[in-house]
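The lines below spell out each chain.
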Amino acid sequence: MSATVPHPSLFPSTSGGQTADPLQSLGEPIGATITATATRMSSERGSDGTEESGVMVQREHVEEDEAYMSLQSPHEVRELQTQASAPTSPVESSTPIPSSTVVDLTPAEAPKPPVKEIIRKTITGYVGFANLPNQWHRKATAKGFAFNLMVCGESGLGKTTLVNTLFAKSLEDQGVLPSKVDKGIGPEVPKTVEITNITANIEESGVRCRLTVVDTPGFGDYINNDLAWRPILDNVEKRFNDYLDAENAPTRTQLRNLETDKRIHALLYFIQPTGHSLKPIDIEVMKRLCDRVNLIPVIAKADTLTDDEVNTFKARVRADIEHHGIKTYKPEENDYDDEDTIMENREFMAKMPFAVVGSLTQIELPGGRRVRGRKYPWGVIEVDNEDHCDFVKLREMLVRTHMEELKDRTAQTLYESYRTEKLMAMGISQDASVFKEISPQAKLEEERQLHEAKLAKMENEMKLVFAQKVAEKEQKLRQSEEELYARHREMKEQLEKQKQEIEQKKIRIEAGTPTMEVKTGKRGKFSLGR
Amino acid sequence: MASVAPLSPRPAGSFSIENEQAPSVPLGGYVGFQTITDQIQKRMLQRGFEFNIMVVGQSGLGKSTFINTLFNASLLSSTGRTLPTTPIPQTTSISTTTHTLTEGPVRLHLSITDTPGFADTINNDRCWDPIVKYIKDQHSAFLRKELTAQRESRIRDTRIHCCLYFVKPRGGRGLSELDVMVLKKLADVVNVVPVIAKSDSLTLEERAEVKELIRSDFQKYGINLYPYSAPFMTDDDSAINHQIHSLIPFCVIGASSSFPHPSHPQKLIRGRRTRWGVIDVEDERHCEFVYLRNFLMVTHLYDLIDTTREVHYEGFRAKQLLALKESSAGGNAGQGQQQQPGRPSSRQALGGY
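Residues numbered from 1 in each chain as written. Chains lettered and ligands numbered in written order. Predicted model: local features only at pLDDT ≥ 70, side-chain atom pairs only at ≥ 80, totals over all residues. Heavy atoms only, no water.

Looking up chain B in an unreviewed UniProt entry gives the name Septin-type G domain-containing protein, with the organism given as Saitoella complicata. Comment text from UniProt for chain B, heading Sequence similarities (unreviewed entry), reads "Belongs to the TRAFAC class TrmE-Era-EngA-EngB-Septin-like GTPase superfamily. Septin GTPase family." (UniProt positions renumbered as here; feature names shortened; annotations may be inferred.)

For chain A, an unreviewed UniProt entry supplies the name Septin-type G domain-containing protein and the organism Saitoella complicata. The annotation that UniProt attaches to chain A under Subunit (unreviewed entry) is "Component of the septin complex composed of two copies of each spn1, spn2, spn3 and spn4." Of chain A, the UniProt comment under Subcellular location (unreviewed entry) reads exactly: "Cytoplasm, Cell cortex".

Trainee: Can you help me understand helix H7 (residues 229-248) of chain A in this one?
Mentor: An α-helix turns once per 3.6 residues; consequently, residues spaced three or four apart project the same way. All names here are of chain A. Spanning 20 residues, H7 covers 29 Å between terminal C-alpha atoms, matching the ideal 28 Å at 1.5 Å per step. Where H7 is concerned, the buried positions are Trp229, Ile232, Leu233, Asn235, Val236, Arg239, Phe240, Tyr243, Leu244 and Ala246. On its buried face, H7 sits against strand E3 (145-152), strand E4 (196-204), strand E5 (207-215), helix H8 (280-289) and helix H12 (403-425). (Helix = DSSP H or I, 4+ residues; strand = E, 2+ residues; numbered from the N terminus. Expected span 1.5 Å × (residues − 1). Buried < 20%, exposed > 50% of the residue type's maximum accessible area, 1.4 Å probe, protein only. Contact = heavy atoms within 4.5 Å.)

Trainee: Could you clarify how one ought to interpret the pattern of salt bridges in this entry?
Mentor: Where charged atoms from two side chains of opposite charge approach closely, those side chains can pair. Evaluation of the coordinates by the stated rule reveals 38 salt bridges over all chains. The partner of Arg272(B) in a salt bridge is Glu309(A), with the nearest N and O atoms 2.7 Å apart. Here Glu309(A) lies in helix H9 (residues 307-323) and Arg272(B) lies in strand E8 (residues 268-274), a pairing that spans two chains. Judged by its relative accessible area of 11%, Arg272(B) falls in the buried class. Exposure remark for Glu309(A): the relative accessible area of 27% places this residue in the partly exposed category. Several salt bridges share partner residues, and in doing so they unite Glu237(A), Arg292(A) and Glu421(A) into one network. (Salt bridge = Lys/Arg side-chain N within 4 Å of Asp/Glu carboxyl O.)

Trainee: Is there a simple way to explain the nonpolar core in this structure?
Mentor: Considering soluble globular proteins, one finds that nonpolar side chains tend to be buried as a cluster. Counting residues in each nonpolar core, the largest one holds 151 residues, and the members touching the most others are Leu268(A), Ile296(A), Leu164(B), Leu186(B) and Phe250(B). For this core, the leading source of residues is H7(A), giving seven residues. When residues no more than four places from it in sequence are discounted, the contact partners of Leu268(A) are Leu149(A), Met150(A), Val151(A), Cys152(A), Leu162(A), Leu166(A), Ile296(A), Val298(A), Leu394(A) and Leu398(A). Counting five residues, the second largest nonpolar core, distinct from the first, contains Phe142(B), Leu143(B), Ile155(B) and Tyr313(B). (Core = buried A, V, L, I, M, F, W, Y, C linked by side-chain atoms within 4.5 Å.)

Trainee: Just to check I follow, could you spell out the sheet that holds strand E2 (residues 95-103) of chain B for this structure?
Mentor: Where strands meet in a sheet, backbone hydrogen bonds hold them as pairs that are either parallel or antiparallel. All names here are of chain B. Within the open sheet, the six strands sit side by side as E2-E3-E1-E4-E5-E6. Their pairing is mixed. The open sheet has two free edges, formed respectively by E2 and strand E6 (250-251), since each of these has just one partner strand. Sheet topology places strand E1 (residues 49-56) next to strand E4 (residues 162-167); four bridges connect them, and they run parallel. Pairing of Ile53 across the sheet is with Cys162, part of E4. (Pairing = 2+ DSSP bridges.)

Trainee: Quick question: what am I supposed to make of the packing of aromatic side chains here?
Mentor: Each aromatic ring pair is specified by the distance between its two centres and by the angle formed by the two planes. Residue and element names in this part refer to chain B. Within the structure shown, the criterion is met by 12 aromatic pairs over all chains. Measuring from centroid to centroid gives 5.8 Å for Tyr226 and Tyr228, while their planes differ by 90°, and the two rings are edge-to-face. Here Tyr226 and Tyr228 have matching classes, each one buried. A ring pair is formed by Phe250 and Phe295, whose centres lie 5.8 Å apart and whose planes are at 25°; its orientation type is stacked. Here Phe295 lies in helix H7 (residues 289-299) and Phe250 lies in strand E6, a separation of 45 residues in the sequence. According to the relative accessible area criterion, Phe295 is buried, its value standing at 1%. (Phe/Tyr/Trp six-rings, centres within 6.5 Å; stacked < 30°, edge-to-face > 60°.)

Trainee: Before we go on, may I ask you to explain the pairing of E4(A) in this structure?
Mentor: Each regular strand carries side chains that alternate between the two faces of the sheet. Residues and elements named next belong to chain A. The pairing of E4 with E5 spans nine bridges and is antiparallel. Counted as the bridge partner of Thr196 is Asp215 from E5. Where E4 hands over to E5, the hairpin turn is made up of two residues, of which Ser205 adopts a positive phi near 50°.

Trainee: Is there a simple way to think about the confidence of the model for chain B in this case?
Mentor: Detailed reading of predicted coordinates is not advised where the pLDDT is low. Residues and elements named next belong to chain B. When pLDDT is averaged across chain B, the result is 83; 88% of the residues are at 70 or more. Confidence drops under pLDDT 50 across residues 1-14; counting only partners more than four residues distant or on other chains, this segment forms 17 contacts. Confidence drops under a pLDDT of 50 for residues 334-353, and excluding neighbours within four residues, the segment shows 18 contacts in the predicted structure. Both confidence scores are given for the complex: pTM 0.69, ipTM 0.80. (pLDDT = per-residue confidence, 0-100.)

Given below as structure tokens:
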């Protein structure tokens, strides 16, 4: 009759008195947050003075409470009505009512069907699965994270400095980042874009990150920069290929290692601060790479641009990007994001492309403050000052808030589309039958139909065969019949002939013709011995 | 002895008459030829001067802004490509604008040759060809005008007197492959002055480093830059030359708008205003604009014109005429000599040019 309510003794009761539950203190805030999302009714329930323990099942409707109330059985309603002011017994009242409305429903009223039914369980007791993010966090921090960042741009734009500034560490100390190797200029010097890797393990508050920075020295530095994008694209696709191989391998324990995921999670593309617009090489390269990596354009050396110039330049760069259909990275907007996140994302989008300045050197300002920045005769530009450049925003987006999203998009969208393209190119077609819903009914039906079809077919076949055989036999019989007829005639003729001969003989004998052919006598005819 | 008031500080490479074999004779009284300098000056002021300057560099390096700053006038448009639908030029084109500037009694016919589209595509092979061709074409046009039977009294000089080459400010690096190639080609035909553009992206230490690297690159690749060291140079001239060469390449910042100085509001300065400081273009501590301006305008303007005529044009002319002589000598032997007209000294150093 009433909605099922588990017996209250199964759950610790929060009504009337505190149980000495050590976990309760932990559960309280969690429980509080959950009940905060409960509907209006439960808050009014609280004001009602009634308290339910255990799990309450609330059927939510798009309609108002009246329709909701109509689902109750008349018995319940009457009971609730009588106990409106008094505290209701926990077992009986499964559905709370706002104290303000007194509902008088007659059983005759037809219950209205719910339009949308969402069952939400409001927990007032402590369950504990809200601790799940903490568990994941603990496990993930033990394992560490991997982040692969690629920087691309002409030499001298401050790529290395910016990466060092982002991660507050001079990666050159870790290994050889051959940023300023002078290969010389001449016809014999190979004019290729190289790809160099440098990996460092950085740690902050117990969270370890395996950071790989991929540099592209030689990009855009030569007279002829045709196909400068090719080595970069090849490298990105090679990383996808390696991951695909690791995924398809028979033993996939490698996938759990951090080192296996070498896919590029973000590409910082450095734009020269000309103040005019994008160069042809920028457009070309960005077009080629935007489908395979999360492309984040960045205006390098932004200390050459004044405020107005920065804004004009950004507007023109954005117009160019849109005009050529280059898909740069956009933070996703989810429906259940809170206001802060939405605001943050909008700010990022407004500031892209980020105008950045990088520096590791600490400068002492006249006021005594020490900042990271660049010292000029006319002033000091502070890297960490949002008024001076967009470095803080870039770091926020790249490292603090969107690192996981970048990795996610790489794994889900970019990698999957690459994999699809590659496999379809290999000739593996989509097998739609894998996705068909299998219900036993339908399956039985299908089988039955198949069976019947088979039977029908067999029947047809057998009929055909039968008819065929019959025809054959018939033909044979007809043939033999004819033969018989033929023989019969033959024999008949022969007999006739013999009969005639004998008749003649008879006549002759009766006539007594002596002439008898000796021949015939020899033939064994009966002779009288004359 | 009559003293000669100099027109300007003695530029390098000028010939002196005392080198000829003639004894100097003291004068007994007043003759009056010392005013010839005033007469020349008056005539030159009447005629006006012609100066042709060319700017070469990638787009967005501040060439047009720099020209506007140098001549303190709005001469070139510096906005660049505004709409994404505007096509990007695929080859280097040459565009010349002429202005007449007046400062004091001096009239200057200034021609600025811009090279839009230089090094703006992905494959920049031979993007310097149109520039070199243009320079040679001007020499060739002048030569033809000189060689005609009936010459104009004053041939309009369209030869490029000075070429400013703008280098990208790359931190910690010297010249790029393209820079080396273009500088080598240009230094053969025109006076080249290399300039580091937008040097407000380099701190003072970075500037010193970059200059060192670039200077060593000049030596390494054998790029011969103006001012040239000539065999007959006085010590002063050599000193000046040396000084200039220690400053090359000049670190410049261009700014065409003026605003009041933050600490002295009554003074208008040209510069750039950023949130972290105010750059004054004419402040030597901020950039080397004043040195370059002095070099180009105050001390070496006439010498640039002179060197173009004496070194580059003469070299071009000699090559052309020799080539003509050889080609016609190969064709028909007799007429070869006619092509080489006997030419009195064309060093019209002081009287008309």
